[in-house]
Amino acid sequence: MAEPAKKLPNIVISETLCKGCSICVDFCPTNVLELRGNVVAVKNLEACTRCQLCDLRCPDFAIQVF
Amino acid sequence: MAEPAKKLPNIVISETLCKGCSICVDFCPTNVLELRGNVVAVKNLEACTRCQLCDLRCPDFAIQVF
Amino acid sequence: MAEKKKKLLQGNEACAEGALYAGCRFYAGYPITPSTEIAEHLSVRLPKVGGKFIQMEDEIASIAAITGASLTGLKSMTATSGPGFSLKQEGIGFACMAEVPCVIVNVMRGGPSTGFPTGPSQSDVMQAKWGTHGDHPVVAVAPAYVQEILSETVRAFNLAEKYRTPVMVLYDEIVGHMREPIVLPEKGELEVIDRIKPTCNSEEYFPYDDKYEIAPLAAYGEGYRFHVTGLNHKKDGFPTNDAKLIQEGNERILRKIENHKNDIWKNEELELNDAKIVVFAYGSTARSARYAVKEAGNSGKKVGLLRPLTLWPFPEKAVEELAKRVKVIIVPEMNMGQMIVEVERYARGKCEMKNPDSQAAGILLGKEFYYLPPHQNLWCGGLHSSPVKEVLRRPRSKERGLRRAFRSRWEVYNVNSSCSKKR
Amino acid sequence: MAEKKKKLLQGNEACAEGALYAGCRFYAGYPITPSTEIAEHLSVRLPKVGGKFIQMEDEIASIAAITGASLTGLKSMTATSGPGFSLKQEGIGFACMAEVPCVIVNVMRGGPSTGFPTGPSQSDVMQAKWGTHGDHPVVAVAPAYVQEILSETVRAFNLAEKYRTPVMVLYDEIVGHMREPIVLPEKGELEVIDRIKPTCNSEEYFPYDDKYEIAPLAAYGEGYRFHVTGLNHKKDGFPTNDAKLIQEGNERILRKIENHKNDIWKNEELELNDAKIVVFAYGSTARSARYAVKEAGNSGKKVGLLRPLTLWPFPEKAVEELAKRVKVIIVPEMNMGQMIVEVERYARGKCEMKNPDSQAAGILLGKEFYYLPPHQNLWCGGLHSSPVKEVLRRPRSKERGLRRAFRSRWEVYNVNSSCSKKR
Amino acid sequence: MSTAVAVKKDKAPFDYNKYLRPNKLPHIWCPGCGHGIVLKAMLRAIDASGLSKDQICMVSGIGCSSRTPGYVDFNTLHTLHGRAMAYATGVKLAKPSLKVIVITGDGDALAIGGNHFIHTCRRNIDMTVLVYSNAIYGMTGGQYSPTTPQGANATTSRYGNIEPVFDCCELAKASGATFVARGTAYHCQELEKIIFEAVQHKGTSVVEILDQCPTYYGRQNKYKSVTEMMEKIEKDGTVSVKQADKLPPEKLQGKLLRGVLHKIERPEYCEQYKKFIIGKAQGK
Amino acid sequence: MSTAVAVKKDKAPFDYNKYLRPNKLPHIWCPGCGHGIVLKAMLRAIDASGLSKDQICMVSGIGCSSRTPGYVDFNTLHTLHGRAMAYATGVKLAKPSLKVIVITGDGDALAIGGNHFIHTCRRNIDMTVLVYSNAIYGMTGGQYSPTTPQGANATTSRYGNIEPVFDCCELAKASGATFVARGTAYHCQELEKIIFEAVQHKGTSVVEILDQCPTYYGRQNKYKSVTEMMEKIEKDGTVSVKQADKLPPEKLQGKLLRGVLHKIERPEYCEQYKKFIIGKAQGK
Amino acid sequence: MSQRYEMRFSGSGGQGMILAGIIMAEAAAIYDNKNAVQSQSYGPEARGGASKAEVIISSQPIDYPKATGIDAMLALTQEACAKYCNDIKEGGILLVDSEEVKNLPRGNFKTYSFPITSIARDELGKTIVANIIALGMITELTKIVSHEAIEKAVLARVPAAFLDLNKKALQIGFEKAKAVKV
Amino acid sequence: MSQRYEMRFSGSGGQGMILAGIIMAEAAAIYDNKNAVQSQSYGPEARGGASKAEVIISSQPIDYPKATGIDAMLALTQEACAKYCNDIKEGGILLVDSEEVKNLPRGNFKTYSFPITSIARDELGKTIVANIIALGMITELTKIVSHEAIEKAVLARVPAAFLDLNKKALQIGFEKAKAVKV
Ligand SMILES: Cc1ncc(C[n+]2csc(CCOP(=O)(O)OP(=O)(O)O)c2C)c(N)n1
Ligand SMILES: Cc1ncc(C[n+]2csc(CCOP(=O)(O)OP(=O)(O)O)c2C)c(N)n1
Ligand code: SF4
Ligand code: SF4
Ligand code: SF4
Ligand code: SF4
Ligand code: SF4
Ligand code: SF4
Ligand SMILES: [Mg+2]
Ligand SMILES: [Mg+2]
């Protein structure tokens, strides 16, 4: 937290839309995401490469990365 | 008529079945048949080679040769 | 010059001309006897006015295509006969549910099944009402003359557009294939109704807006991007599972016809004033009935004719009132008894109805309209008297087109009161 | 042990079991809610007894396949729901015309069109009668309980085989998806009728021999090389254009049902003896009616129930007789009013019929069967009294499966005579 | 009426009566209609196959072509327009011992019946499907069909048909049929052999047979005679697969191939059903 | 709920809302259903094509897949099971200025809708047909479809499916479609490009899109997760046409090709109608 | 019914009987301002075998559209004659092609037998106009429509290239009929 | 109607609510020889969201097949509870999973809140048997079927490999219910 602000990606998740299918979790190349209960959550934001594969494969318009 | 009996073919035509379509006439290789009115008739029996093409192509079961 | 406008047209051609007059610009169909001439005529005539004709792969595709076309704003029609009409049923239900105006012509032939393709019948009239699943609105007209086929086809389009619903035109092989001189109406001579389009802006547009009795219908591609579905839907067109909305929606599509029966009904009434015997007949059977009624009149008998040109909604009011004041209603049909179901229902036991089991002396109708040469087609004659008996015993068998199944049993009714002559 | 034989089955499973019990050995179908479980069950069960199950490409192919299969001698069935039933209509007509025994199940859902696929309805009952073009015989049964689905399916097969005709089994999503304990009948417990096969030699065999009322039906491949067509045909099965033979053929296929209505009819009668108010109800609506009739009886009111298990041919005799001696017949239906057409027709004005326009105080029926918890489902109660009014004002909207369209207007009837309690 | 002298016994004419129903001739087909020629080739092929009449079930739809079953002494089923193969599927699966032959027209099989056509091929259920392909709806009086050539006249294409045609054989093959062939009424002896082979085949065999409708197709398209139709469409419009190999591409332009075009082995539906479905269900 | 720090503006996420109808999400599809992935790829492709929303008419049949039009802000028509292409034909011919896109399922397009499918392709009428192919009837709860693999389980094939499958792309091609391609939900970016190309094409373009129904197909066939389905069926079960050239035949065994499989030019139906029918009728 | 005049034109498919019926109906309805209804036989029959067209002419509106008793009938073939002749009224007229119809039906009607087709062939070189000759004859025999009307009707229905031919055929018909009548 | 006993089992799709309903109906109908009717919710709802099964038990034949006033209801999720609780009768019973259902509905009925799913996980290692534990509890709470009947019904419906597990789950249910009741 005391480190200089890295250019971290934005990951926007809609809890109301996410159905917890786990597609984004399983296909994230750098293991950024995880399911918490029935909704996806970010567990390792630093690792995100902004590849947007999670968004592209999410069937539910529930996650976006920029 | 006075000649010795040649082994002439038999051509059997059914007047009730023949519809006079002319297929047999037109496709007879040796020009044996002709239409008389609406029914086929033999005009040159001697020329018949017994190829049976007339029978094979008659749609109406109306002519047989043997 | 009168001659200029008079033309000898076949019933099916008149139907096609009626469609063109009404502004039909899209036809999709699949050939079937005895309706095919409608398609053939339109395949030539439609492109001349910039309209589209397409022969689809089957009847199901045809009703689908005209429904799709109608949603782009074109007045659309298909025509068929029994087997094709059966196939179209699911698609007709869709058009009812989605409230898409279109016209479906059924030139009736002998059924059931493939039946007797070149013979006439009137045996799809109940199918027109009940053929598709679920409760749905039904409007059907039944012309009897070639000229009338033209004008009723125009009326069918008008009703379809006005009430946003499929409308059926039902006639039989006899009038379909017959030629009669007709006068082609000039522009403006017959009323032509176009569908109402929305004027609001697109955000405020609801394709099933219940603030209207019949909501305006936008055309695809004109800025109103609306949704159409065969599922029960809300006023915005999107599906709903809400029982109340479902009930309301279903009631609404029925009510829009129910509430306007007076506008849709059309009957010809002949000699009804003080007739005690009335014939209820439609389509080409009514031609015979009409003839017979006139004959009866000529010989001083009071016989009336109620000829519905609108078969559905059923002319219940006319029948109900009639039943209260006549002695008997006779319903000759070129089928085994179909519209009689409704006639009996609305007669409510108030008058006598033809009893098919009665073989007593009486009036000869229905089948005999055709079996008998007109001078023998008696309004009153004993069953046991000679001309009638003769006919009953040996119907001449050549005129096969006309000898088709009418009612299953003798069309005989005992009405002594009006029976004056005996031969 | 009674426990051994009792089983909790879903209505659709009971239908499949009934088919197997009746000897069904061929099923062809296409999935559709809410009938699919019949196919699913038979896909597992049929091959165990050497029978054949096939999922066809659509519903049209399905009715075709079972008709073909039946002609090889196998008892055959298909099942569907509204949209599929509409598509099968042409094929049903063929089976009628060709006199091929088969059973068609329609598990009714909300219509028209795609409608409300998971909701129940009774809105295809008139379609069952009139859905295909042309005059044709119709036999349809309408079970209301899971046990009855089994036994009526058996009866449907029996009637189909006995009368060489398609027979329909009509029930709705409620009973189709409900589970009830039923007792699987042992072999011999229920009657099973097999079709009559010819015994004559093949030269003397006519598939439509009019010397029989119902001609024996040979199976393909057993030496009788007969012809089957959907065209009008002679007794030898070959097409004819002869009007007389056409008429006779059409009449014969109608007459074979007409003449045996007594054998085909089946009604449950409850408390009819001296009831002045009678409910005419079938299928799952009749379950509510039955409950209500019992309740009325408990509170000392004479209310009866006529519950037809055979919907077609219509129980005209029962209704006609009833109408002569009761004051009112009430016809609650899970549709906008279908069988009421026939009830009204055969009542012939002899008794009062529920007048849908009457909003006076009176009996609450139909929709309210379901809307109301049973203790409020009053046989007699003022419209303006509280429990009723409350319900009319705000139907609870959760129980959507049951809140579907019944009759279009309030099911209210004014019968002062039997109105004793007011709340 | 008959002219007979001597006899060459070995060339005895084929006895069609063996397979025809008594007193049904003359058939309803018009003078010169190709359907009769095809019927005869089929009967000779069936005769060669040695099948018994009781064993054959012939199923058809609706159309002039579909009237065929009425004339032949088999188990015959004349069904609904387009549905022949669906009825036939029921017959075959219910009683696999029957040899099922479907007679259908280009309209019946490829227009309204297209779906049953492709699904029958897909299942590879054992039946022989003969498509009498005359490029027109004959029965209803000459409307264009999915095989009417582009530019041709029909009562619903008075300005010339713009609809592209189906290649029936390609469609059958892509759908899964395991035997696909084409013949013509003109090449009636070759046709007989093709039908014979089709009947022998286990699985769905489809034969498209080009024949002629002089009444509607011929008249509307200005053919002077049936003979001209047969020559131009059937003879000159086709090349046999065997010849085709030897011809330069220019010569094949616009010609349809005749002969067996596709033949593979694939498990048959009824046998699969018996083996895998009934077998497993009964725990065998 | 959202975790945001800095932004790389050039990689702005795609704004689906531009094409979605307000308040219609969440959609009815099950967790993990592939249909949502396909929908998104399609919207990106449409966006790339620059078509206006008013110009697009999206037509579907009945099925889970066919619910798509309800979510998108075009002129939308949700019709009857199997009939989408017939309705679409009416729309297109009546108003050729509309860009028609048909959304259909494997059951909708290839089972009950097979006939309209092949005839649409034959006519080469301008429309893009997207077949959401999940090898099952999803909407009715998991019965086998014409694309369910042999041996697979479904609620009507508890002993293992014996029905051979259709190759949707082969069928489209044999029927006359002028653009035929295959994509998968897994390869969602490639899919976007394929759909883009299909939409650009003039004539009938068919794209078979392999996607997954975890609820019925997955559960019944013992897939442990959606991810496993996508990997085994969509990723490992396919090879792109480009790679395929470089692979030895063994490696292609049992795999479906991805990419544009067929693309030719042929006159389009509505244009032909205008030119030849209306043109001649009006004597132009 | 006396104001109904019922006609039947019969022959074999291709002899133009339906066209003859249509022309007669048009003559009556359009050029003579009467009412007319024309119908024809459909079905397998239309293929090959006997073919017929019926025309009913009346000064009144025509309700019942089919023939009930034939006032005048034309038969160009034996088959058609045998098949359709039995509805001819007492006092009606039957016109047959004498070369085709050898067995004349008996009945209380007048029969005119005339080599219509050979006349067409011999005098005009085209058998195709036999139907027009017949129309001329039947017009003259029945007087149910005027010469002018039938001529207008014929000319309106035939291709421009054959106007003269058909006009001649009609004239021949008129004349031959006058001859047979006497 | 007093002899009707109406039960509702609700939760989310996949929690085995329909199976619970079926087992309860079988216990009543087959092993306790009463009448029973079981129904369930269909439709898009069945996918994902709340799911429910209803059972009506009676000593009399059951005509009206749907619930009219619930005597006993189970809710394993908050959504199901909110959606379906409003038909509970006065004096009825509501059993909820205490970890899932936080907002308890109010009404004139007894509510039992209990960590059913965690018990399943903690004591049996399988959340899948939560429905069976719930069945045990509701049997004990309502006494509408006998312990023997419900046990037979459970064992008849579960795979052989899991007989013991389910037997235990049921027992736990009985016992926990006794505990909450006191
Ligand atoms: C459902 C249905 N639609 C249409 C028809 C009318 N119909 C009968 S045969 C036919 C076409 C026949 O064409 P084809 O199959 O090519 O046979 P052909 O007569 O050319 O031998 C049509 C459209 C019908 N009988 N049933
Ligand atoms: C005429 C008709 N038959 C059957 C059905 C039932 N039905 C609805 S969707 C469907 C299958 C859908 O499968 P598919 O097209 O593959 O779509 P998916 O749900 O798999 O996306 C069926 C059989 C129907 N609605 N209408
Ligand atoms: S953008 Fe790529 S790296 Fe980042 S979370 Fe999504 S899939 Fe993982
Ligand atoms: S892919 Fe979408 S719906 Fe699935 S878990 Fe990820 S965000 Fe949620
Ligand atoms: S057998 Fe051959 S040669 Fe003889 S007539 Fe027939 S076609 Fe001619
Ligand atoms: S082919 Fe047959 S029908 Fe034709 S002319 Fe010859 S014999 Fe007669
Ligand atoms: S109409 Fe054509 S296909 Fe039909 S019988 Fe005549 S020639 Fe043959
Ligand atoms: S049932 Fe299958 S296809 Fe339908 S929404 Fe669920 S996962 Fe998708
Ligand atoms: Mg053809
Ligand atoms: Mg699918």
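Just above sits the structure.
None of these values were measured; they are calculated from a predicted model.

Engineer: I'm lost on the overall build of chain E in this one. Help?
Structural biologist: Looking only at helices and strands, chain E has eleven helices and eight strands in total. Against the globule reference of 19 Å for 284 residues, chain E gives a C-alpha radius of gyration of 19 Å, in line with a compact fold. Overall size of chain E, expressed as C-alpha extent along the three principal axes, is 65 × 55 × 40 Å. Across the 284 residues of chain E, 68% fall into the buried class. For chain E, long-range pairs separated by at least 24 residues make up 69% of all intrachain contacts whose partners lie at least 6 apart in sequence. Just so you have it, chain E exposes about 9,400 Å², and 53% of that area is on carbon and sulfur atoms. Each charge sign in chain E was given a centre, from 37 positive and 25 negative side chains, and these centres are 3 Å apart.

Engineer: It is not clear to me how the pattern of salt bridges should be interpreted in this structure. Could you clarify?
Structural biologist: Where charged atoms of side chains with opposite charge meet at close range, the side chains can pair. For the coordinates displayed, the defined rule picks out 113 salt bridges over all chains. A salt bridge links F:Arg123 to C:Glu57; its shortest N-O distance comes to 2.8 Å. With one member in each of two chains, F:Arg123 in helix H4 (residues 114–123) and C:Glu57 in the loop between strand E3 (52–55) and helix H4 (59–71) form a pair that bridges those chains. Each member of the pair, F:Arg123 as well as C:Glu57, carries the same accessibility label: buried. Close ionic contact of C:Arg225 with F:Asp54 constitutes a salt bridge, the shortest N to O distance being 2.8 Å. One end of the pair, C:Arg225, is in the loop between strand E9 (179–183) and strand E10 (227–229); the other, F:Asp54, is in the loop between helix H1 (35–49) and strand E1 (56–60), on a second chain. According to the relative accessible area criterion, C:Arg225 is partly exposed, its value standing at 24%. Through salt bridges that share partners, C:Glu148, C:Glu268, C:Arg290, C:Lys294, C:Arg307 and G:Asp63 make up one connected network.

Engineer: Even after reading the chapter, I still don't get the coordination of the magnesium ion (ligand 9), so can you show me in this structure?
Structural biologist: Any two of four tetrahedral donors ideally make an angle of 109.5 degrees at the metal, while pairs among six octahedral donors ideally make 90 or 180 degrees. Coordination of the magnesium ion (ligand 9) by the protein is provided by E:Asp106 (OD), E:Asn134 (OD1) and E:Ile136 (O), with metal-donor distances spanning 2.0 to 2.2 Å. Mapping the donors of the magnesium ion (ligand 9) onto the primary sequence gives the spacing D-x27-N-x1-I.

Engineer: Honestly, the packing of helix H4 (residues 114–123) of chain E against H4(F) in this entry has me stumped. Any pointers?
Structural biologist: Contact geometry for H4(E) and H4(F): axes closest at 7 Å, N-to-C directions at 105°. Relative to H4(F), the element H4(E) lies roughly perpendicular. Across the interface between the two elements, E:Gly114, E:Asn115 and E:Ile118 from H4(E) touch F:Gly114, F:Asn115 and F:Ile118 from H4(F). Split by residue class, the contact of H4(E) with H4(F) holds two nonpolar, four polar and no charged.

Engineer: Any chance you could explain the interface of chain D and chain C here in plain terms?
Structural biologist: In many reports, interface size means the accessible area that the parts give up when they come together. With 60 residues of chain D in contact, the opposing surface of chain C contributes 60 residues. The largest per-residue losses of area from chain D upon contact with chain C belong to D:Pro112, D:Trp130 and D:His133, which jointly make up 14% of the total buried on that side. In this structure, the connection of chain D to chain C is made through four salt bridges. When the shortest N-O distance is used, the salt bridge between C:Glu344 and D:Arg348 registers 3.0 Å. At the boundary of chain D and chain C, one finds 30 residue pairs in polar contact (both at pLDDT 80 or more). Listed by contribution, the elements that provide at least two residues to the side of chain D that touches chain C are helix H5 (82–98), strand E6 (116–120), helix H6 (125–130), helix H9 (243–258) and helix H13 (339–347) of chain D. It is H5(D) that provides the largest number of residues to the side of chain D that touches chain C, a total of nine residues. A per-class count over the side of chain D that touches chain C returns 20 nonpolar, 25 polar and 15 charged.

Engineer: Would you mind showing me how to read unusual backbone geometry here?
Structural biologist: Peptide bonds are, in most cases, trans, and in most cases residues other than glycine have a negative phi. Along the chain, C:Thr33 connects to C:Pro34 via a cis peptide bond; the corresponding omega equals 0°. Relative to the helices and strands, C:Pro34 resides in the loop between strand E2 (24–29) and helix H3 (36–45). The phi angle at B:Asn31 is positive, at roughly 60°, despite the residue not being glycine. On the secondary structure map, B:Asn31 appears in the loop between helix H1 (23–27) and strand E2 (33–36). Using a relative accessible area of 43% as the deciding quantity, one classes B:Asn31 as partly exposed. With a phi angle near 55°, D:Ser113 is a residue other than glycine that sits in the positive phi range. Following the sequence through the fold, D:Ser113 ends up in the loop between strand E5 (102–110) and E6.

Engineer: How do you make sense of the nonpolar core when you look at a structure like this?
Structural biologist: It is characteristic of soluble globular proteins that their nonpolar side chains tend to be buried jointly. Ranked by size, the top nonpolar core spans 310 residues in total, and within it E:Phe117 and F:Phe117 carry the most contacts. The residues touching F:Phe117, leaving out its near neighbours within four places in the chain, are F:Met85, F:Ala109, F:Leu110, F:Val131, F:Cys168, F:Leu171, F:Ala172 and F:Val206.

Engineer: Looking at this structure, how should I read the interface of chain F and chain E?
Structural biologist: The partner chain E presents 30 residues to the 30 residues of chain F that form the contact. With both sides pooled, the region where chain F packs onto chain E buries about 2,700 Å², and carbon together with sulfur makes up 64% of that total. The tally of links from chain F across to chain E stands at four salt bridges. For F:Arg122, the salt bridge is made with E:Glu163, and the minimal N-O distance between the two is 3.0 Å. The interface formed by chain F and chain E includes 21 residue pairs in polar contact (both at pLDDT 80 or more). At the level of secondary structure, the elements contributing two or more residues to the side of chain F that touches chain E comprise helix H3 (106–111), H4, helix H5 (168–175) and helix H11 (269–281) of chain F.

Engineer: Even after reading the chapter, I still don't get the sheet that holds E1(F), so can you show me in this structure?
Structural biologist: Judged by pairing direction, the sheet is mixed, and its nine strands sit side by side in the order E10(C)-E2(F)-E1(F)-E3(F)-E4(F)-E6(F)-E5(F)-E8(F)-E7(F) without closing on themselves. With partners counted over all chains shown, the strands left at the sheet margins are E10 of chain C together with strand E7 (238–240) of chain F, one partner each. On average, adjacent strands in this sheet sit at an angle of 20° to one another, irrespective of strand direction. Sheet topology note: the strand E3 (residues 99–105) of chain F/strand E4 (residues 127–133) of chain F ladder contains five bridges and is parallel. Paired with F:Ile103 across the two strands is F:Leu130, which belongs to E4(F). Against the sheet, helix H5 (residues 82–98) of chain C makes contact with E10 of chain C together with strand E2 (75–78) of chain F, and its axis sits at roughly 135° relative to E10(C), the strand it touches most. Taken strand by strand, helix H2 (residues 84–94) of chain F contacts E1, E2, E3 and E4 of chain F, and its axis lies near 175° from that of E3(F).

Engineer: I'm lost on the pairing of E5(D) in this one. Help?
Structural biologist: For a regular strand, side-chain orientation follows a simple rule: the groups alternate between the two sheet faces. All names here are of chain D. Most of E5 sits out of view: nine of its nine residues are buried. Pairing of strand E4 (residues 75–80) with E5 involves four bridges; the strand directions are parallel. Following the sheet pairing, Ala79 is matched in E5 by Val105. For the handedness criterion, the β-α-β arrangement of E4, H5 and E5 is classed as right-handed. Relative to strand E8 (residues 166–172), E5 is paired through seven bridges, and the arrangement is parallel. For Val107, the partnering residue across the bridge sits in E8 and is Tyr171. As paired elements, E5 and E6 share two bridges and run antiparallel to each other. Across the sheet, the residue bridging to Arg109 is Pro120, located in E6.

Engineer: Can you walk me through the site of ligand 5 in this structure?
Structural biologist: Close to ligand 5 lie B:Cys28, B:Pro29, B:Thr30, B:Val32, B:Cys48, B:Thr49, B:Arg50, B:Cys51, B:Gln52, B:Cys54 and B:Val65. For the shell around ligand 5, the per-class residue count stands at seven nonpolar, three polar and one charged.

Engineer: It is not clear to me how the relation of the copies chain D and chain C should be interpreted in this structure. Could you clarify?
Structural biologist: Relating one copy of the chain to the other requires a rotation about an axis plus a shift along that axis. The transformation that overlays chain D on chain C combines an axial shift of 0.0 Å with a rotation of 180°, and the residual RMSD is 0.0 Å. The superposition operator between the copies reduces to a two-fold rotation axis. The residues that chain D uses at the interface reappear at the interface of chain C in 100% of cases, marking a shared surface.

Engineer: Help me out: how do you make sense of the site of ligand 2 in this one?
Structural biologist: As a structural note, the neighbourhood of ligand 2 is formed by 24 residues, with D:Glu59, F:Cys64, F:Ser65, F:Asp106 and F:Asp108 the closest of them. A distance of 2.8 Å separates an oxygen atom of ligand 2 from a polar atom in the backbone of F:Cys64. For ligand 2, an oxygen atom lies 2.7 Å from a polar atom in the backbone of F:Asp108. Considering ligand 2 on its own, with 600 Å² of exposed area, one finds that the protein chains cover 98% of that surface. Secondary-structure elements contributing two or more residues to the shell around ligand 2 are H5 of chain D together with H3 of chain F. If one sorts the elements of the shell around ligand 2 by residue count, H3(F) sits on top with three residues. Residue composition of the shell around ligand 2, grouped by class: eleven nonpolar, nine polar and four charged.

Engineer: How do you make sense of helix H11 (residues 283–298) of chain C when you look at a structure like this?
Structural biologist: At 3.6 residues per turn, the α-helix brings residues three or four places apart onto the same side. The end-to-end C-alpha distance of H11(C) is 23 Å, a good match for the 22 Å that 16 residues give at a rise of 1.5 Å each. Following H11(C) by one or two positions, C:Gly300 has its phi on the positive side, about 80°.

Rules used throughout
Within each chain, residues carry numbers counting from 1 in the order of the written sequence. Each chain takes a letter, starting from A, and each ligand takes a number, starting from 1, following the order in which they are written. Only residues with pLDDT of at least 70 get local features here, since the model is predicted, and only at 80 or more are side-chain atom pairs given and counted; chain-wide, interface and lining totals rely on the full set of residues. Computation of side-chain values: all heavy atoms of the structure, hydrogens and water removed. Elements are defined by DSSP. Helices are runs of H or I of four residues or more, strands are runs of E of two residues or more, and each kind is numbered from the N terminus. Taken over C-alpha atoms, the radius of gyration is set against a globule rule of 2.2 Å times the number of residues to the power 0.38. Remark: exposure states derive from per-residue accessible area (1.4 Å probe, protein chains only) relative to the maximum for the residue type, with buried under 20%, exposed over 50%, and partly exposed in between. Whether two residues are in contact is decided by their heavy atoms, any of which lying within 4.5 Å being enough. Here the accessible surface of atoms and residues is derived via Shrake-Rupley with a 1.4 Å probe, and residues count as covered only by protein chains that are part of the display. Under the convention used here, Asp and Glu are negative, Lys and Arg are positive, and both His and the chain ends fall outside the count. Taken as the charge location is NZ of Lys, CZ of Arg, CG of Asp or CD of Glu. Between Lys or Arg on one side and Asp or Glu on the other, a salt bridge is scored when a side-chain nitrogen of the former is within 4 Å of a carboxyl oxygen of the latter. The donor set covers N, O and S atoms within 2.8 Å of the metal, switching to 3.2 Å for Na, K and Ca, and it leaves out water, so a site may look short of donors. Between N-to-C directions, angles span 0 to 180 degrees; the directions come from axes that are lines fitted to C-alpha atoms, helices contributing only their stretch in contact. When describing relative orientation, an angle under 35 degrees is termed roughly parallel and one over 145 degrees roughly antiparallel, while 65 to 115 degrees is termed roughly perpendicular and anything else oblique. Charged means Asp, Glu, Lys or Arg here, nonpolar means Ala, Val, Leu, Ile, Met, Phe, Trp, Tyr, Cys or Pro, and polar covers whatever is left, Gly included. Summed over both partners, buried area is the accessible surface (1.4 Å probe) that two parts give up on being assembled. Counting of polar contacts relies on pairs of N or O atoms within 3.5 Å, with two restrictions inside protein: one atom must be capable of donating a hydrogen and the other of accepting it, and residues adjacent in sequence are counted only when both atoms are side-chain atoms. We define the nonpolar core as a collection of buried residues of types Ala, Val, Leu, Ile, Met, Phe, Trp, Tyr and Cys that are connected through side-chain atoms lying within 4.5 Å of one another. DSSP bridges decide pairing: two strands pair if at least two such bridges lie between them. Classification remark: right-handed applies to a crossover when, strands pointing away from the viewer, the course from the first strand over the helix to the second runs clockwise. Near is defined per residue: the residue qualifies when any heavy atom it owns lies within 4 Å of the molecule or strand. The atoms used to superpose the copies are C-alpha atoms, taken from residues with pLDDT of at least 70 in both, and the fit is least squares. Expected helix span is taken as 1.5 Å per residue step, with the number of steps being one fewer than the number of residues.

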